[in-house]
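# Chain and residue survey
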Amino acid sequence: MDVVLVDFRGKKKRIVNNVLKIPISRNLPPDKIFWVHNKNDYYSVKSGYYQACKIINRNSASSSSSSPDNGLWSRIWRISVQPKVRHFLWRVLHESLPCNVKLSQRLPAFSKLCPRCGCDDETQLHALKGCEIVRGLWLTSPLNLRVDKIECNNVGEWLSQMFTILKEADLKTCIFFEWEPPGPRDVKLNTDVAISIAGQFSVAGAVCRVADGSVIRWGVKRLEGITDVEQTEAQAVLFGLQVAVDIPRRLICEADSATVISRLQDPSKAIDPTQLIIDDCLDAVRDRDATFRHVRRQCNHVAHTLAKWGIFIGKDCIANRNIPFPVNKLINILV
């Protein structure tokens, strides 16, 4: 111990203290190399990266642990998501996504324009929230976000605001398409409704699909003055039955309103406005083979998105096959 003190006399006290902290075993095992910057004493790329950044620039380290967005980084590393999601967010905050503006810096002949809207240069912020098509996808997602209302100057500010706006459950939201295709001789009808409280109206959406997941008919209908949830859900089922009226297949009708489906499966003698709609639904399938099923929202996402789309077009519509954007993107994922 005295030798250590003599040899390091006049040197930095930190070095001396680190040497003195090394425990000496009575068994005198072989010497080993330990990495003191990790709790388990083993070297890792992550800990090495942090230390390298501190050495390069101690005052303003570029590592994620010491950046100005330290709270944001902590939330990203702590959230329970797949590693590839964390890696994507890491790339976003490091401005390393291969957007067209970045690619054009390496390939001068490469176009900077966004390949989706073709109106603006595809910066990273434009690709994630600025593009009109991307905004539609955010709005029709389960998060139902109006990202155009979020004001920010860079992706770091945008992500920080997103983490502030969204709850922990929202941050872990993933779209799992659990829609179950019908049999080869059946057609599946999914219905849902979107309500505009401000406009005092609702829009019913209905989509008919076959075994391969493709759409054979779809429609939206504006319901003026109707905002009661149960009534609108029942009206959506009735509208869906009208859409599928001449499709010559066994009908499986699905909706995410447990109350409405329960009343369709077990008709009662209730006297209320909803029961009148229920009676009309049962009368519409009196002469055909039809069943009613309740499903979770994840299984009914296409119909729900279609109803939300109907709010913006402002008119009734029934058509075969060609379902509109961005609803068609949800169909393409399954098919």
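Residues numbered from 1 in each chain as written. Predicted model: local features only at pLDDT ≥ 70, side-chain atom pairs only at ≥ 80, totals over all residues. Heavy atoms only, no water.

### Looking at the nonpolar core
Going by this rule: We call a set of buried Ala, Val, Leu, Ile, Met, Phe, Trp, Tyr and Cys residues a nonpolar core when their side-chain atoms join them within 4.5 Å. Throughout, exposure labels follow a simple rule: accessible area from a 1.4 Å probe, protein chains only, divided by the maximum for the residue type, with under 20% read as buried, over 50% as exposed, and the rest as partly exposed. Comment: elements are numbered from the N terminus, with helices defined as DSSP H or I runs of at least four residues and strands as E runs of at least two.
Leu-189, Cys-208, Val-237, Leu-241, Leu-264, Cys-281 and Phe-292 are the most contacted members of the largest nonpolar core, which has 30 residues in total. Those elements that provide at least two residues to this core are strand 1 (186–196), strand 2 (201–209), strand 3 (215–224), helix 11 (229–243), strand 4 (250–255), helix 12 (258–265) and helix 13 (273–284). Tallying contributions element by element places helix 11 first for this core, with 7 residues. Listed in part, the 19 residues of the second largest apolar core include Trp-73, Leu-93, Val-147 and Leu-159.

### Details of the environment of Gly-71
By the element assignment, Gly-71 lies in helix 4 (residues 70–78). Residue classification places Gly-71 among the partly exposed positions, given a relative accessible area of 48%. Taking the C-alpha atoms as reference points, Gly-71 and Ser-160, 89 residues apart in sequence, are found 9.0 Å from one another.

### What about the packing of helix 11 against helix 13?
The cut-off we apply is this: Note on definitions: angles span 0 to 180 degrees between N-to-C directions of axes, and those axes are lines fitted to C-alpha atoms, for helices only across the stretch in contact. We call two directions roughly parallel when the angle between them is under 35 degrees, roughly antiparallel when it is over 145, roughly perpendicular when it lies between 65 and 115, and oblique otherwise. Less than a right angle of anticlockwise turn of the near helix away from the far helix marks a crossing as left-handed, whereas a clockwise turn marks it as right-handed. Note on contacts: a residue pair is in contact if any heavy atoms of the two residues lie within 4.5 Å. In this count, Pro and Cys sit with the nonpolar residues alongside Ala, Val, Leu, Ile, Met, Phe, Trp and Tyr, while Asp, Glu, Lys and Arg are called charged and the others, Gly among them, polar.
For the pair helix 11 and helix 13, interaxial distance at closest approach is 9 Å and the crossing angle is 15 degrees. On the basis of their axis angle, the class for helix 11 and helix 13 is roughly parallel. The chirality of how helix 11 crosses helix 13 is left-handed. Counting all contacts with helix 11, which are made through Glu-230, Gln-231, Ala-234, Gln-235, Val-237, Leu-238 and Leu-241, the residues of helix 13 involved are Pro-273, Thr-274, Ile-277, Ile-278, Asp-280, Cys-281 and Ala-284. Split by residue class, the contact of helix 11 with helix 13 holds 9 nonpolar, 3 polar and 2 charged.

### Digging into the side chain of Lys-129
Mapped onto the elements, Lys-129 comes out in helix 7 (residues 124–130). For Lys-129, a relative accessible area of 8% corresponds to the buried category. With near-sequence residues (within four places) excluded, Lys-129 lies in contact with Val-134, Arg-135, Val-147, Ile-150, Cys-152 and Trp-158.

### Overview of the packing of helix 11 against helix 12
Between helix 11 and helix 12, whose axes approach to 9 Å, the crossing angle comes to 55 degrees. Considering their axes alone, helix 11 and helix 12 lie oblique with respect to each other. Note that helix 11 runs across helix 12; the crossing there is right-handed. On helix 12, the residues touching Glu-230, Glu-233, Ala-234 and Val-237 of helix 11 are Thr-259, Val-260, Arg-263 and Leu-264. Considering only residue class, the contact of helix 11 with helix 12 consists of 4 nonpolar, 1 polar and 3 charged.

### Focus: the packing of aromatic side chains
Rules: Here is the rule: rings of Phe, Tyr and Trp (six-membered ring for Trp) pair when centre to centre is within 6.5 Å. Planes less than 30 degrees apart are stacked, more than 60 are edge-to-face, and the remainder are tilted. Lysine NZ or arginine CZ positioned within 6 Å of the ring centre and within 35 degrees of the ring normal marks a charge as sitting over the ring.
Under the counting rule described, the total for this entry stands at 3 aromatic pairs. Between the aromatic rings of Trp-218 and Trp-309, the centroid separation amounts to 5.8 Å while the plane-to-plane angle is 80 degrees, which identifies the pairing as edge-to-face. Placement of Trp-218 in strand 3 and of Trp-309 in helix 14 (residues 301–313) is noted, with a sequence separation of 91 residues between them. We note that Trp-218, like Trp-309, is buried. A cation over an aromatic ring shows up here: Arg-222 above the ring of Phe-201, its NZ or CZ 3.6 Å from the ring centre.

### A closer look at the sheet that holds strand 2
This is how the line gets drawn: At least two bridges found by DSSP between two strands are what make those strands a pair.
Pairing within the open sheet is mixed, and its 6 strands lie in the order 5-4-1-2-3-6. Edge strands, defined here as strands with exactly one partner in the open sheet, are strand 5 (290–294) and strand 6 (317–319). Averaged over all neighbouring strand pairs, the angle between strand axes comes to 15 degrees, with direction disregarded. Bridge analysis of strand 2 against strand 3 gives 9 bridges, and the strand direction is antiparallel. Looking across to strand 3, one finds that Val-207 is bridged to Trp-218. Each of strand 1, strand 2, strand 3, strand 4, strand 5 and strand 6 touches helix 11; the most contacted strand, strand 1, lies at about 140 degrees to it. Running at roughly 150 degrees to strand 5, helix 12 makes contact with strand 4 and strand 5 of the sheet.

### Brief notes about the pattern of salt bridges
If the charged atoms of two oppositely charged side chains come close together, the side chains can form a pair. Quick note on the threshold: By definition, a salt bridge exists where a carboxyl oxygen of Asp or Glu is found within 4 Å of a side-chain nitrogen of Lys or Arg.
Following the criterion strictly, the structure yields 10 salt bridges and no others. We note a salt bridge from Arg-250 to Asp-186, for which the minimum N-O separation is 3.2 Å. One end of the pair, Arg-250, is in strand 4; the other, Asp-186, is in strand 1, with 64 residues separating them in the sequence. Arg-250 gets classed as partly exposed once you look at its relative accessible area, which sits at 28%. On the basis of relative accessible area, Asp-186 is assigned to the buried category, the value being 11%. Between Lys-188 and Glu-254 there is a salt bridge, with the nearest N and O atoms lying 2.9 Å from each other.

### Observations regarding unusual backbone geometry
Unusually for a residue other than glycine, Glu-95 sits at a positive phi of about 55 degrees. Tracing the chain through its elements places Glu-95 in the loop between helix 5 (83–93) and helix 6 (100–106). On the basis of relative accessible area, Glu-95 is assigned to the partly exposed category, the value being 37%.

### Describing the confidence of the model for the protein
Any segment with low pLDDT has predicted coordinates that should not be analysed in fine detail. Using the following cut-off: The pLDDT score gives, residue by residue, the confidence of the prediction method on a 0 to 100 scale.
Mean pLDDT over the protein stands at 81; residues scoring 70 or higher make up 82%. Mean pLDDT across the secondary structure elements of the protein bottoms out at helix 1 (residues 2–7), with 50, and peaks at strand 4, with 96. Considering only residues more than four positions removed or in separate chains, one finds that residues 60–68, a stretch of pLDDT under 50, has 16 contacts.

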